[in-house]
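Overview (structure and organization)
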Amino acid sequence: MLVSLALVLAQAHVHHPAPSGAVPSPRPPAAAATTPVDREIALGVRRGLLRYDKEVLFVKCGDRVRVRLTNVDDMLHNFVLLAADGDIDAVSTAALGLGAEAMARQFVPALPQVFAHTPLAEPGHTVSVDFVAPQQPCDQPFLCTLPGHAATMRGLLRVSTSGGPLADLRFRCLDGEFDQLRDMVDAEVAKEGVVADGVIDLGVAARDNDFGLVFEGRLSVPRAGRQVFHLDSDDGARLSIDGVTVVDRDGTHPAGDEQTGEVELSAGEHDLCLEYFQRRGSMALRLAWTSATQPRIWLTRSGRGDKAARQELIVVDEPIVQRAFVEDGPPRAIAVGLPGGVSLCFDAEHCCVASAWRGGFLDVGPDRSGRGGKACRRVGTPFLSGDAFALRVAGEPADEFRAYRVEGRGVVFEFAAGERRVEERLEVDAQGSLACTFRVSGEPAPVELDLARAGLRVTGSAGTWDGDVLRLPTASSQRFTLTVGVER
Amino acid sequence: MKCFAFVLLGILPAVSPGASPAIGQDPAVIPAGYRVERIEVPKGIVLEVGGLGFADDGDLFVCTRIGEVWRRRGETWSIFARGLHEPLGLWVDRRAGHVYVMQRPELTRLVDSDADGRADRYETVCAAWGVSGNYHEYAYGLVRAPDGSFFGTLNLAHAIDDASRQVLVAGGTVMSRPAKWRGWAFRVAPDGTFEPWASGLRSPAGIGANAAGDVFFTDNQGDWIGTSTLQHLVKGAFYGHPASLLDHPDFAGREPSSLKLEDFADRRRMPTVHIPYGDLANSPGDPAFDLTGGRFGPFADQAFVGDQTRSNVFRVCLEKVGGEYQGCCFDFVDHLQSGIVRACFADDGSLYVGETARGWGSAGPAEYGLERVVWDGATKPREMHHVSLRRDGFHVAFTCALPADGLAAANFTVARWHYLYRPEYGSPPQDVTEVAITAVRAAEDGESVDLILPEVVPGQVYRITVDPGLGLGNSRAWYTVNRLVD
């Protein structure tokens, strides 16, 4: 047994291929690579999660662009770019309707709104597509048209005059012991310059302590409307647009308390100014931008002392157990990611499964960023909720949690119901279902077990159902298995 | 046998030191004969220290805020356990070989039943306290008594609109008790039974025991805590933060809104030692008592406490006056690389400090790490050794003889003040008063001096400052007077 887990810092676009070497090296791109382009974008997929590794791409108006899609997944994917007014749902529905033609047409429907697309990328391979970006700023949606993928595999190509989130971005770095942003007013400028790629970056200061930074650039707003900005910093920072303060996080403080501010902006360019200072110790600067029509766009680069907010635990071939607060979970939660694409949250107070989901496992970023202690996010689609498998033996509830252990591809929880000891083993069986095997020791007694069965395919190795309660007579109550089918 | 290889940013069978973080700085203040050494942490291990402990064979166990337990044997690091819920306390059971960790929701025994070097059973010892899911509900530990019982402390929650906050919110309090026993110190008996031990705690981040087996904890400044404290843990005591009283039997059935300051003010046990905010520490962690028998220098039985914000280690001497502990704190080492929450003496007599800054900020620039303070075994530091209360003033003892002409009144200044007990965050020093020294009586050997004062006022913190011209490494001391010498 070799591998237990790999930690993926998804936001930093770090991939850790399966250590078994199961993922072949990406094949070099085809002949197209010889044609020069203005911008080449390396796009990946997050293994097993049905997501691209980047969901907002930036290009400059009129650029010759090449998108290279590298597929480290074990299923097929593609990259289909739509015209500015393209409708992701309409295109993915049309792709579904291709039927028998689908493979021959690379799962791409013949629709005028399809602007460009790659061929199918087989697992372990890289494909690419070249196109020329429109001459006018706009947002072009993109998606994977393989059946069912577009629900999560989608994103936005932003075409702008700068080719980045901000145009003409400049910085000034000031030296001094600042406790408030206003302390920077009379400070001497230590250095200044241009940030060529239009991404705000603390690294330009090349300092650890006692400095200030002022970034000024132009923000290109594609559609008029309410814009929301999210600012988090260590120490103080303030965002202004067209000279008006939008978010103010002045003073010395740690990061981890993101503040938002809203402003109505017309379509077109607006002046953006971000002031920041660092006193001592750790530092961070994060600024993101959202609106009703766009996903979160980061205007800052994550860097030193600024850990990616999203940190996903990836299950490979052994279960991962992580105790933490979990989204919609009980305070005494034990999150378990099982090999086979099923994860669950066990309630160590009531000795039952609080929820289960299929897909990925857990984003522990909320527990490991800033002060932490926030509920970790489930990665995937919930299929079971509401204290499943709550057990009573001889009428006594299981309410004394004792221990857990990892055993092979499963996890075993040990607890007591009255005088009797119970072991509950959870694993994914050969059919991909969640199998839950109970062993009850002590003097044999009848067992009852609750499971809200609505919408589930549940089979029990013994017992009879009485509504959502499975009743096991004494004769069959010492060892039994419940299997919950997991839709894929 | 299970192979205990693991993956962390690649495949590493066990991790040996790689590039150490090139951050940190030399201590600006350190007594002569002491040095600070950085323990190299291999790249890829996020060693945000939550607990430290040594095994009989010298192996160091470290639990981290992201829920891992690492074992350091010589220069090699290996994983012992992972997946824990922000453990902030660790105890190595040297006899049985188990490791106990204080997780947010429970005290857990980590058992390596197949002796392959990695825990394979995670056994719940006690989970009797309430957890609501608030990020500030930390559980700290661990002290183990000779009878096998454990002591730990439970942080209040932060800014939750529950009943305990409503009562007091008029006064501005922010910490609250959304679940049972928050703000209590507790004992877990060897059979796992939970016993609430004392109430009134706020953010009690550190715990330790002295040579006599008496347990002490630190609490962080905030609402109802005028400045950070070191407290002697006494069964049944109330240390001042009222949110915890909702679980106190004497207040059972009381409407929170009926709880008034006069109902609990008289119950408050005064801090054993006030730790002046800003001057000495802002957020103290473990008190590690020097039980090394002199291998850490001349400060036997004194406590060494690391501070999260200031990234320093300060020193505390205690004495019993009128049957109760009170004492004095001193600067010791400043400018460590990151915020310190844990401190623990190794068998070789050096003091290990475990560090983390994430989310809280620290003066030291590193995000996390491990350092140790070592005495060279020979050099006599030039420091105040301890301060004792006398009927007519203070007895200040030094670690070495000072020249007779230095032990004059002109070389000492004394000031006193007190702190407010109030719902607002912290308290500035109140009524700061310079105290004229009536007389100075130097000992013949030059190793101590008695500072005679016109009067000694209980309920006051006395700051004694020694003129830098005397060449002490650290020249400030703060003595908390609760009781007077008969």
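Because the structure is predicted, anything quoted here is derived from the model rather than measured. (Residues numbered from 1 in each chain as written. Chains lettered and ligands numbered in written order. Predicted model: local features only at pLDDT ≥ 70, side-chain atom pairs only at ≥ 80, totals over all residues. Heavy atoms only, no water.)

1. With respect to the overall build of chain B
Of regular secondary structure, chain B possesses two helices and 36 strands. Relative to the compact-globule value of 23 Å for 486 residues, chain B shows a C-alpha radius of gyration of 23 Å, a close match. Here the C-alpha coordinates of chain B stretch approximately 75 × 60 × 40 Å along the principal axes. Taken over 486 residues, chain B has a buried fraction of 62%. Long-range contacts, defined here as pairs at least 24 residues apart, represent 60% of the contacts in chain B between residues at least 6 apart. Of the accessible surface of chain B, which amounts to about 16,600 Å², a share of 51% is contributed by carbon and sulfur atoms. Each charge class in chain B can be summarised by its mean position, and for the 45 positive and 60 negative side chains these summaries are 3 Å apart. (Helix = DSSP H or I, 4+ residues; strand = E, 2+ residues; numbered from the N terminus. Rg over C-alpha atoms; globule rule 2.2 N^0.38 Å. Buried < 20%, exposed > 50% of the residue type's maximum accessible area, 1.4 Å probe, protein only. Contact = heavy atoms within 4.5 Å. Areas by Shrake-Rupley, 256 points an atom, 1.4 Å probe, with all protein chains shown as cover. Lys, Arg positive; Asp, Glu negative; His and termini not counted. Charge placed at Lys NZ, Arg CZ, Asp CG, Glu CD.)

2. Re the overall build of chain A
Along chain A, the regular secondary structure elements total two helices and 38 strands. Projecting the C-alpha coordinates of chain A onto the three principal axes gives extents of approximately 80 × 60 × 40 Å. Each of the 488 residues in chain A was classed as buried or not, and the buried ones make up 54%. Intrachain contacts of chain A at a sequence separation of at least 6 include 65% that bridge at least 24 residues. As displayed, chain A has an accessible area near 19,900 Å², and 49% of this comes from carbon and sulfur atoms.

3. Some words on the side chain of A:Asp232
With respect to the helices, strands and loops of the structure, A:Asp232 is situated in strand E14 (residues 225-234). Beyond its immediate chain neighbours, meaning those up to four positions away, A:Asp232 contacts A:Arg249, A:Ala255, A:Gly256, A:Asp257, A:Glu258, A:Ala284, A:Leu285 and A:Arg286.

4. Structural notes on the environment of A:Met184
Residue and element names in this part refer to chain A. Summarising the element assignment, Met-184 is placed in the loop between strand E11 (166-175) and strand E12 (189-194). A relative accessible area of 5% means that Met-184 is categorised as buried. Considered as a pair, Met-184 and Leu-146 are 38 residues apart in the sequence and their alpha carbons are 53 Å apart. Apart from residues lying up to four places away in sequence, Met-184 is in contact with Leu-174, Phe-178, Gly-212, Leu-213, Val-214, Tyr-276 and Phe-277.

5. As for the sheet that holds strand E18 (residues 206-209) of chain B
Strand pairing within a sheet occurs via backbone hydrogen bonds; the two strands may be parallel or antiparallel. Residues and elements named next belong to chain B. If you trace the four strands from one edge of the open sheet to the other, you get E18-E19-E20-E21, paired in antiparallel fashion. A single partner strand is all that each edge strand has here, and the edge strands are E18 and strand E21 (273-275). When strand polarity is set aside, the average angle formed by the axes of neighbouring strands in this sheet is 20 degrees. Taken together, the three bridges between strand E20 (residues 228-232) and E21 define a ladder with antiparallel strand orientation. Within E21, the residue paired with Ser-228 across the bridge is Ile-275. (Pairing = 2+ DSSP bridges. Axes fitted to C-alpha atoms, helices over the stretch in contact; angles between N-to-C directions.)

6. Notes on the nonpolar core
Core analysis: the largest hydrophobic core is formed by 58 residues, its most contacted members being A:Leu384, A:Phe389, A:Leu391, A:Phe413, A:Leu434, B:Val69 and B:Leu110. Ignoring anything within four residues of it in the chain, the contact list for A:Leu391 reads A:Glu396, A:Pro397, A:Ala398, A:Phe415, A:Val422, A:Phe438, A:Val447, A:Glu448, A:Leu449 and A:Phe480. Counting 34 residues, the second largest nonpolar core, distinct from the first, contains A:Leu231, A:Val246, A:Met283 and A:Leu299. (Core = buried A, V, L, I, M, F, W, Y, C linked by side-chain atoms within 4.5 Å.)

7. Some details on the environment of B:Arg268
Residues and elements named next belong to chain B. Among the secondary structure elements, Arg-268 is positioned in the loop between helix H2 (261-264) and E21. Considering only alpha carbons, one finds Arg-268 and Glu-123, 145 residues apart in sequence, at a separation of 37 Å. Not counting chain neighbours up to four residues away, the residues in contact with Arg-268 comprise Phe-238, Tyr-239, Gly-240 and Tyr-421.

8. Concerning the sheet that holds E12(A)
Residues and elements named next belong to chain A. The strand order across the open sheet formed by six strands is E12-E11-E13-E18-E15-E16, and the pairing between neighbours is antiparallel. Lying at the two open borders of the sheet, with one neighbouring strand each, are E12 and strand E16 (244-249). Along the sheet, successive strands turn relative to each other by an average axial angle of 15 degrees, direction set aside. The sheet contact formed by strand E15 (residues 237-241) and strand E18 (residues 268-278) spans five bridges and is antiparallel.

9. Section: the pairing of strand E5 (residues 60-64) of chain B
All names here are of chain B. In terms of burial, E5 is largely enclosed, as five of its five residues are buried. The alternating pattern of E5 places Leu-60, Val-62 and Thr-64 on one face and Phe-61 and Cys-63 on the opposite face, and all of these are buried. From the end of strand E4 (residues 49-54) to the start of E5, which pair antiparallel, there are five residues, and Gly-58 there has a positive phi angle of about 90 degrees. Between E5 and strand E6 (residues 69-73), which pair antiparallel and follow one another directly, the connecting turn spans four residues, one of which, Gly-67, has a positive phi of 95 degrees.

10. Some points on unusual backbone geometry
Of the consecutive residues A:Asp234 and A:Asp235, the connecting peptide bond is found in the cis state with omega at 10 degrees. Its place among the elements puts A:Asp235 in the loop between E14 and E15. Here the bond from B:Gly141 into B:Leu142 is cis, since omega is -5 degrees, no more than 30 degrees from zero. The residue B:Leu142 is located in strand E12 (residues 139-144) in this model. The backbone phi angle of B:Trp181 is positive, close to 70 degrees, even though this residue is not glycine. Within the element layout of this structure, B:Trp181 appears in the loop between strand E15 (175-176) and strand E16 (185-188). One non-glycine residue, B:Asp431, lies in the positive phi region at around 50 degrees. Position of B:Asp431 among the secondary structure elements: in strand E32 (residues 430-435).

11. Some thoughts on helix H1 (residues 88-96) of chain A
Count 3.6 residues to each turn of an α-helix, and residues three or four apart come out pointing the same way. All names here are of chain A. Inspection of H1 places Ile-88, Val-91, Ser-92 and Ala-95 among the buried residues, and these make up the whole buried set. End-on, the buried residues of H1 take up no more than an arc of 95 degrees, which puts them together on one face. Structural note: H1 exposes Thr-93 and Leu-96 on the side pointing more than 90 degrees away from its buried face. Where the residues of H1 are buried, they touch strand E6 (80-82), strand E7 (114-117), strand E9 (138-143) and strand E10 (154-160). A side-chain oxygen of the first residue of H1 lies 3.0 Å from the backbone nitrogen of Asp-89; this N-cap is Asp-87. (Arc of directions from axis to C-beta. Polar contact = N/O pair within 3.5 Å; in protein donor to acceptor, adjacent residues only side chain to side chain.)

12. Quick notes on the pattern of salt bridges
Evaluated as defined, the whole model comprises 70 salt bridges over all chains. Residues A:Asp179 and A:Arg279 are paired through a salt bridge, measuring 2.9 Å at the closest nitrogen-oxygen approach. Taken together, the positions of A:Asp179 in the loop between E11 and E12 and A:Arg279 in the loop between E18 and strand E19 (284-291) put the pair 100 residues apart, joining distant regions of the chain. In this structure, the salt-bridge partner of A:Arg405 is A:Glu407, at a minimum N-O distance of 2.8 Å. Judged by its relative accessible area of 16%, A:Arg405 falls in the buried class. Salt bridges sharing partners connect three or more residues here, namely A:Arg405, A:Glu407, A:Glu414, A:Arg421, A:Glu423, A:Arg425, A:Glu427, B:Arg109, B:Arg121 and B:Glu123. (Salt bridge = Lys/Arg side-chain N within 4 Å of Asp/Glu carboxyl O.)

13. Quick notes on the packing of aromatic side chains
Within the structure shown, the criterion is met by 42 aromatic pairs over all chains. The interplanar angle of 5 degrees and the centroid separation of 3.8 Å between the aromatic rings of A:Phe346 and A:Phe413 together place this pair among those described as stacked. With a gap of 67 residues between them, A:Phe346 in strand E24 (residues 342-347) and A:Phe413 in strand E31 (residues 410-417) connect regions that are remote in the sequence. Looking at A:Phe413, the relative accessible area reads 0%, which means it is buried. Seen in terms of ring centroids, B:Phe394 and B:Tyr462 are 5.1 Å apart; in terms of plane orientation they differ by 55 degrees. Their pairing is tilted. Of this pair, B:Phe394 sits in strand E30 (residues 393-398) while B:Tyr462 sits in strand E35 (residues 460-466), placing them 68 residues apart in sequence. Owing to a relative accessible area of 0%, B:Phe394 belongs among the buried residues under this scheme. (Phe/Tyr/Trp six-rings, centres within 6.5 Å; stacked < 30°, edge-to-face > 60°.)

14. Side note on the confidence of the model for chain A
Residues and elements named next belong to chain A. Summary statistics for chain A give a mean pLDDT of 86 and a share of 91% for residues scoring 70 or more. Below pLDDT 50 for its whole length, residues 1-33 participates in 70 contacts with residues either more than four positions away or in separate chains. Note on residues 303-308: pLDDT under 50 across the span, and 17 contacts to partners over four residues away in sequence or across chains. (pLDDT = per-residue confidence, 0-100.)

15. Description of the pairing of strand E13 (residues 211-221) of chain A
Residue and element names in this part refer to chain A. Taking burial as the measure, the 11 residues of E13 include nine buried ones, the bulk of the element. Here E11 pairs with E13 via eight bridges, running antiparallel. Residue Leu-166 lies in a different strand from E13, and its bridge partner there is Leu-219. One ladder, built from 11 bridges, connects E13 with E18; its direction is antiparallel. Each residue of the ladder has a partner; that of Leu-219, found in E18, is His-270.

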